[in-house]
Structure formats: C-alpha cells, structure tokens
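Given next are the chains, with one letter for each unit.
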Amino acid sequence: MADVLIIGGGPAGLSAAIYVQRAGKQALVLEQLVVGGQIVNTPEVENYPGIKKISGFEFSMGLYEQASDLGAEIAYERASGICQNSDKTYTVKTESGKDFIAKAVIIATGAKNRQLGLEKEGFLIGKGVSYCATCDGAFFKGKDVAVNGGGNTALEDALFLTNYCNKVYIIHRRDQFRGEPGNLEAVKNKENIEFILNSTITELKGQDKLEAVVVKDKNTEEIREISVQGLFVAIGQEPDNKGFSDVVDLDNGGYVSADESCKTKDPGIFVAGDCRTKAVRQLTTAASDGAIAALAACTYIG
C-alpha cells in the first residue's frame with residue numbers, strides 16, 4: 001500500500017515523488033523502462049531555470065537520487081489499468097500481473113515523439129536529429145537545418161529556428177499546411193526559409209553526425225539531397241494513456257483531459273506532464289505539473 005502511486009518515472013513523475021515525500025506521504029513510482037524519460041537521451045539541457053548547462057542523463061539521475069533519498073520507492077513495471085476499490089483506494093494493474101494499491105494515483109506517462117522510422121534515425125538523435133526546436137535550436141547557430149512537418153508545431157519550430165540558423169528548410173508531404181494562417185504567413189515572410197512541399201524524407205546521411213537528408217517528391221518522384229546539420233522532426237506526439245480511458249477522459253489525441261490543476265474527473269486520480277492536455281510541453285512545465293499533482297493528491301488523502 002502506497003499513499004500515492006505515480007505511473008511514470010520521467011521529470012513529472014519524479015518531481016511528483018519528491019513533493020509527495022516532502023509532504024510526509026509515501027510515494028511509489030512505476031516505470032516500465034529507465035527513470036528520467038526522454039530527456040535521458042538529450043546531450044545538453046540549457047533551458048531549465050537555475051541550471052546553466054547539464055546533460056539529460058545527469059538531470060534525470062539528479063531527480064531520481066533526490067526522490068530516492070527522500071524515501072520514494074521505484075518499481076520497474078508497466079501499468080496497464082486502474083480500478084477503484086470499495087474502500088476508495090485504487091488498484092493499479094501491471095502487464096506482469098502484479099497489482100499495486102494506493103490511496104491516490106498520478107498518471108505521468110509522458111508522450112513519445114513520433115519518429116520517421118528511418119534507418120540511422122535512432123543513432124542520430126542528439127547528433128543532428130531532434131524533436132524539440134525549443135530545447136536544441138541554439139546548438140545550430142549559423143547552420144542549415146530542416147524541419148519536417150506541416151502543423152503548427154512545425155511552423156513555430158521553423159520560425160524559432162530562423163533566430164539562430166543560417167537557413168531553414170520546411171519539408172512537408174503535402175502542398176497545404178494544417179497550421180494556423182497567422183503562423184503560415186509569418187513563415188512565408190522569412191527570407192531564410194525554403195519550402196520543400198509534396199516531399200518526404202527517405203534517408204538520413206552521416207556517419208558520426210547528420211550531414212544531409214534525402215527527399216523524394218511525391219508527384220515527380222525526383223530525388224534530392226539537401227545538406228543540413230540539423231533535422232527537427234515535428235510530426236506529432238503519441239501519449240500512452242489508452243489503458244486508463246475507463247477512469248479518465250481522453251481528448252482526440254489521446255491526452256488526459258485536465259487543466260492546470262492537474263485534476264481529472266475522478267477525485268483521486270491526477271495527471272502530470274506531457275501526457276495531459278496542455279499547450280507547452282517542456283521540462284519546466286513537467287516539473288510544475290508534478291508538484292501541483294503531488295500536493296493535490298496529498299490534500300485529497302488528507
């Protein structure tokens with residue numbers, strides 16, 4: 001029996017664990033893979049207040065050690081569902097068949113960036129391939145980069161990157177954008193942005209780091225190699241919340257419906273981090289959500 005069971009050991013989940021322990025309650029974190037979440041793979045973090053520069057691994061280990069030193073427990077399990085018991089506690093089921101019982105639950109499963117599915121993509125993450133322009137854009141000052149996508153995120157990423165980069169290519173598989181007209185107009189007015197439409201990326205080139213992307217025109221089947229030092233993939237994210245759809249509301253994208261209070265429709269279930277409906281998904285907002293959800297859960301327990 002834990003006071004608060006936290007599903008997910010990323011920045012939101014570990015921040016929640018820290019605040020639960022500091023509130024005098026017992027936190028149990030379920031993590032299916034490695035604590036720290038996606039930030040573990042980020043070579044350098046430079047946008048977290050109070051920390052000038054740190055690797056994603058060091059940042060994650062710092063959170064883990066802080067939570068552990070305070071007494072939080074970690075179990076390496078993948079949660080598959082939540083049900084409420086007659087005594088108003090919750091049972092969290094796992095794929096291994098183990099059940100965990102808690103007085104309150106925080107869902108902090110995060111969201112995975114959709115990948116292109118290309119050879120070398122995984123190897124080149126942090127070596128030219130990125131899924132967060134806000135996080136990594138400054139590392140490409142004066143260089144040529146590409147953004148892949150056609151929604152608001154892609155357009156906003158491209159605009160952001162023009163502040164640092166020599167040239168920004170926007171590669172989109174269609175000739176129309178899903179992004180807002182205002183964003184599209186702003187992009188069109190940037191002299192250092194070039195559109196490559198009706199095209200898909202078919203290959204990433206580079207040995208130790210990204211050197212070029214190969215694109216194919218869907219209409220003419222023309223193949224073109226573009227020399228870039230950075231590729232920002234902005235084709236969406238995928239939350240992993242399907243197993244909880246019977247106890248919380250999910251929006252059309254699969255994110256848990258909740259506002260800044262981090263409360264769901266069930267009074268004893270809370271949500272924190274990238275897996276909830278929100279406009280900004282950054283380390284700072286994940287940590288903030290973790291603190292808010294943890295304190296709300298402790299108040300609920302009483």
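Hey, could you run me through the state of the cysteines in this one?
Defined simply, a disulfide is a covalent bond joining two cysteines at their sulfur atoms. Tallying each qualifying case throughout the model produces 1 disulfide. The side chain of Cys 132 participates in a disulfide bridge whose partner is Cys 135; the two sulfur atoms lie 2.2 Å from each other. Across the S-S bond of Cys 132 and Cys 135 the torsion is about 70°, and the bridge reads as right-handed. Residue classification places Cys 132 among the buried positions, given a relative accessible area of 18%.

Would you explain the pairing of strand E10 (residues 167–171) in this entry?
Two faces make up the sheet, and in a regular strand the side chains alternate between them. E10 sits mainly inside the fold: 4 of its 5 residues count as buried. Sheet topology note: the strand E9 (residues 144–148)/E10 ladder contains 5 bridges and is parallel. For Asn 148, the partnering residue across the bridge sits in E10 and is Ile 171. Handedness of the E9-helix H5 (residues 152–161)-E10 crossover: right-handed.

What am I meant to see in the packing of helix H1 (residues 11–22) against helix H7 (residues 283–301) here?
The relative placement of two packed helices comes down to the angle between their axes together with the axis-to-axis distance. It is the contact of H1 with H7, at a shortest axis distance of 7 Å, that shows an interaxial angle of 40°. By the criterion of interaxial angle, the relationship of H1 to H7 is oblique. Classified by chirality, the crossing of H7 by H1 is right-handed. Contacts between H1 and H7 involve Pro 11, Ala 12, Ser 15, Ala 16, Tyr 19 and Val 20 on the former and, on the latter, Leu 283, Ala 286, Ala 287, Gly 290, Ala 291, Ala 294, Leu 295 and Cys 298. Tallied by class, residues from the contact of H1 with H7 come to 12 nonpolar, 2 polar and no charged.

Procedures and definitions
Residues numbered from 1 in each chain as written. Predicted model: local features only at pLDDT ≥ 70, side-chain atom pairs only at ≥ 80, totals over all residues. Heavy atoms only, no water. Disulfide = S-S within 2.5 Å. Buried < 20%, exposed > 50% of the residue type's maximum accessible area, 1.4 Å probe, protein only. Helix = DSSP H or I, 4+ residues; strand = E, 2+ residues; numbered from the N terminus. Pairing = 2+ DSSP bridges. Right-handed = clockwise from strand over helix to strand, strands pointing away. Axes fitted to C-alpha atoms, helices over the stretch in contact; angles between N-to-C directions. Parallel < 35°, antiparallel > 145°, perpendicular 65-115°, else oblique. Left-handed = near helix turned anticlockwise from the far one by under 90°. Contact = heavy atoms within 4.5 Å. Nonpolar A, V, L, I, M, F, W, Y, C, P; charged D, E, K, R; others polar.

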